[in-house]
Amino acid sequence: MIPRRLWWAGGAAGLALLAALAWLAWPRPRPAVPVPPPEAPVPLAAPTLLTPIITADAAAIATRAASAAPTLFQLAGNPRVFIVDFPGLPEQGAAMNRIAALVEKAGAPRDRVLSMPELEQLIAAGNTTAEEFYVGHNYLLSDIRHFLALATAGGEALTPAEQRLALMVDSIAAAAPGDAPVAVLTIPGLGPRMDAGTRAAILGHELGHGIYFTQAGYARHVRGLWHASFTEAERAAFRRFLGSVGYDAQNEELMINEMQAYLLFTRDPRFFSAAQAGMTEARAEELRAMMRQGLQQP
Ligand SMILES: [Zn+2]
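In this report, we go over the structure that sits alongside the text. These numbers were taken from a predicted model, which means no experiment stands behind them.

### What to know about the coordination of the zinc ion
Next, step 1: For the zinc ion, the full set of protein donor atoms is H205 (NE2), H209 (NE2), E258 (OE) and E258 (OE), at a range of 2.1 to 2.6 Å.
Next, step 2: Taken in chain order, the donor set of the zinc ion reads H-x3-H-x48-E. Pair noted here: H205 and H209 are both in helix α7 (residues 196-214), with a separation of four residues, about one helical turn. The same class applies to H205 as to H209, namely buried.

### Section: helix α3 (residues 89-103)
An α-helical turn contains 3.6 residues, so a residue and the one three or four places further along point in the same direction.
Next, step 1: In a regular helix each residue adds 1.5 Å, so 15 residues correspond to 21 Å; α3 covers 19 Å between its end C-alpha atoms and thus fits that length.
Next, step 2: Within α3, the axis deviates most sharply at M96, by approximately 50°.
Next, step 3: Of all 15 residues that make up α3, eleven are buried, and the element is covered over most of its length.
Next, step 4: When α3 is considered as a whole, its buried residues turn out to be L89, Q92, G93, A95, M96, N97, R98, I99, A100, A101 and L102.
Next, step 5: Those residues of α3 that are buried are in contact with β3 (81-86), α4 (116-125), β4 (137-140), α5 (141-153), α6 (160-175) and β5 (183-188).

### Details of the sheet that holds β4
Next, step 1: If you trace the five strands from one edge of the open sheet to the other, you get β1-β2-β3-β5-β4, paired in mixed fashion. The two strands at the open ends of the sheet, each matched to only one other strand, are β1 (53-56) and β4. The mean inter-strand angle of the sheet, taken between neighbouring strand axes irrespective of direction, is 25°.
Next, step 2: Across four bridges, β1 lies against strand β2 (residues 71-75) in parallel orientation. Residue pairing across strands places A56 opposite L75, the latter belonging to β2.

### Observations concerning the pattern of salt bridges
Next, step 1: Counted by the stated rule, this structure contains 18 salt bridges.
Next, step 2: A salt bridge links R193 to E132; the nearest nitrogen and oxygen atoms lie 2.4 Å apart. In this pair, R193 is assigned in the loop between β5 and α7 and E132 in the loop between α4 and β4, connecting sequence segments 61 residues apart.
Next, step 3: Look at R193 and you get exposed, because its relative accessible area is 62%.
Next, step 4: In this structure, R270 and D195 form a salt bridge, with 3.4 Å as the shortest nitrogen-oxygen distance. Remark: D195 occurs in the loop between β5 and α7 and R270 occurs in the loop between α10 (252-265) and α11 (281-292); sequence separation between them is 75 residues.
Next, step 5: It is possible to trace a salt-bridge network through shared partners that takes in E232, R235, R239 and E252.

Calculation criteria
Residues numbered from 1 in each chain as written. Predicted model: local features only at pLDDT ≥ 70, side-chain atom pairs only at ≥ 80, totals over all residues. Heavy atoms only, no water. Donors = N, O, S within 2.8 Å, 3.2 Å for Na, K, Ca; no water. Helix = DSSP H or I, 4+ residues; strand = E, 2+ residues; numbered from the N terminus. Buried < 20%, exposed > 50% of the residue type's maximum accessible area, 1.4 Å probe, protein only. Expected span 1.5 Å × (residues − 1). Bend = angle between axes of the 7 residues up to and from the residue. Contact = heavy atoms within 4.5 Å. Pairing = 2+ DSSP bridges. Axes fitted to C-alpha atoms, helices over the stretch in contact; angles between N-to-C directions. Salt bridge = Lys/Arg side-chain N within 4 Å of Asp/Glu carboxyl O.

These figures capture arrangement, not role.
Next up, the structure:
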């Protein structure tokens, strides 16, 4: 093929030759040979702002070396689960705390994004710090988009850490297209108040949420058990436990999701024991066995 520029030049030369021959045969003034228009400039590709994504399994994520910047993982074997591995608790809190307040924190509004002073008040009222408001997070991608939309609608400027998260949202959406739910989990890197065992326990808990969010059959199975196999006293005890650690106990779907993440996926007694939910270990094992049957359901 002839490249586009040479094709035009050849055409122009041919037209000029024809015009010259016509002038010789018919010596009258001729209109000038039209000059082909210059080619429209080809726009350069827009610079990409997508965050790189690394595919890894849970063991590789749990034991990876610390990084100075947030790292975005896609879970091997479940490509609709993403994990943001933050350098530490401060960086995680800076990016995620206002989303936690919006989605699941008791005492915070569900219809608008808190200002930063309001968030600080909420954290202080809970006798905690921004670093340890939550030690890990889990949301649907649509929850984070809802947060971003509400911040824009309310004129609430994003912090630099939230802006960086917004770019990750774009990367995640591009890597997991379609309408099926996408889970976004976050964990902190090692630090003065975060040892390897704690980090692994947090990841295990958050991965439980990843399964619940993305495996509809499992979630359906667990909801069925919550209503039919848990007694009312057991449900009430779980609501009390979850409410005592700050979750919105009015949100039944949140209660079910957290119950399964604690009961089945959080086996570190520093975070959870059956006794905290008023349950014997034998009864907890019985319920775990029933929940596991749902893991095979797509
Ligand atoms: Zn949880």
